[in-house]
Amino acid sequence: MAENNHADVKKLTFETAIEELESIVKRLEDGKVPLEESVAIYERGEALKRRCDELLRQAEARVDKITTDSNGKAVGTEPLDVQ
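Residues numbered from 1 in each chain as written. Predicted model: local features only at pLDDT ≥ 70, side-chain atom pairs only at ≥ 80, totals over all residues. Heavy atoms only, no water.

**Here's the deal with the nonpolar core**
Here is step 1 of the chain: Judged by nonpolar contacts, Val9, Leu12, Ala17, Leu21, Ile24, Val33, Ile41, Ala47, Leu48 and Cys52 together constitute the single largest core of ten residues.
Here is step 2 of the chain: Elements represented by at least two residues in this core include exactly α1 (14-30) and α2 (35-62). (Core = buried A, V, L, I, M, F, W, Y, C linked by side-chain atoms within 4.5 Å. Buried < 20%, exposed > 50% of the residue type's maximum accessible area, 1.4 Å probe, protein only. Helix = DSSP H or I, 4+ residues; strand = E, 2+ residues; numbered from the N terminus.)

Have a look at this one:
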């Protein structure tokens, strides 16, 4: 895992990135990883976290808010204002 370069993180899906990130967190929490490897996988974890954040922002930007009329009937969609 630590041998992977950071460039390939940009190609990961959200699910793959979060799964690997969870694995890294577990390994670090176990405390059985040598210091040098801990630093390397921590850095990889940071890159994975950034990738997950990026993918979540992209997904939020694509989500539409359903608009309704006064009777509650769906009449269309508009961009979701995520702030």
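Continuing now.
**A short note on the pattern of salt bridges**
A side chain of one charge can pair with a side chain of the opposite charge when the charged atoms of the two come close.
Here is step 1 of the chain: Counted by the stated rule, this structure contains six salt bridges.
Here is step 2 of the chain: Here arginine 44 and aspartate 8 are joined by a salt bridge, their closest N and O atoms 3.0 Å apart. One end of the pair, arginine 44, is in helix α2; the other, aspartate 8, is in the segment before α1, and 36 residues separate them in sequence.
Here is step 3 of the chain: Take arginine 44: its relative accessible area is 2%, and that puts it in the buried class.
Here is step 4 of the chain: With a shortest N-O distance of 3.3 Å, arginine 51 and glutamate 54 are connected by a salt bridge. Of this pair, arginine 51 and glutamate 54 both sit in helix α2, three residues apart, which is roughly one turn of the helix.
Here is step 5 of the chain: Overall, the relative accessible area of 30% leaves glutamate 54 in the partly exposed class. (Salt bridge = Lys/Arg side-chain N within 4 Å of Asp/Glu carboxyl O.)

**A look at the packing of α1 against α2**
Axis angle and axis distance: for two packed helices, these are the angle between their axes and the distance between the axes, and together they describe the pair.
Here is step 1 of the chain: The geometry of α1 relative to α2 is characterised by a closest axis approach of 9 Å and an angle of 150 degrees between their N-to-C directions. Considering only the axes of α1 and α2, their crossing is left-handed. Here Phe14, Ala17, Ile18, Glu20, Leu21, Ile24, Arg27 and Leu28 of α1 lie close against α2, whose contacting residues are Glu37, Ser38, Ile41, Tyr42, Arg44, Gly45, Leu48, Lys49, Arg51, Cys52, Leu55 and Leu56.
Here is step 2 of the chain: Of the residues belonging to the contact of α1 with α2, the class tally is twelve nonpolar, two polar and six charged. (Axes fitted to C-alpha atoms, helices over the stretch in contact; angles between N-to-C directions. Left-handed = near helix turned anticlockwise from the far one by under 90°. Contact = heavy atoms within 4.5 Å. Nonpolar A, V, L, I, M, F, W, Y, C, P; charged D, E, K, R; others polar.)

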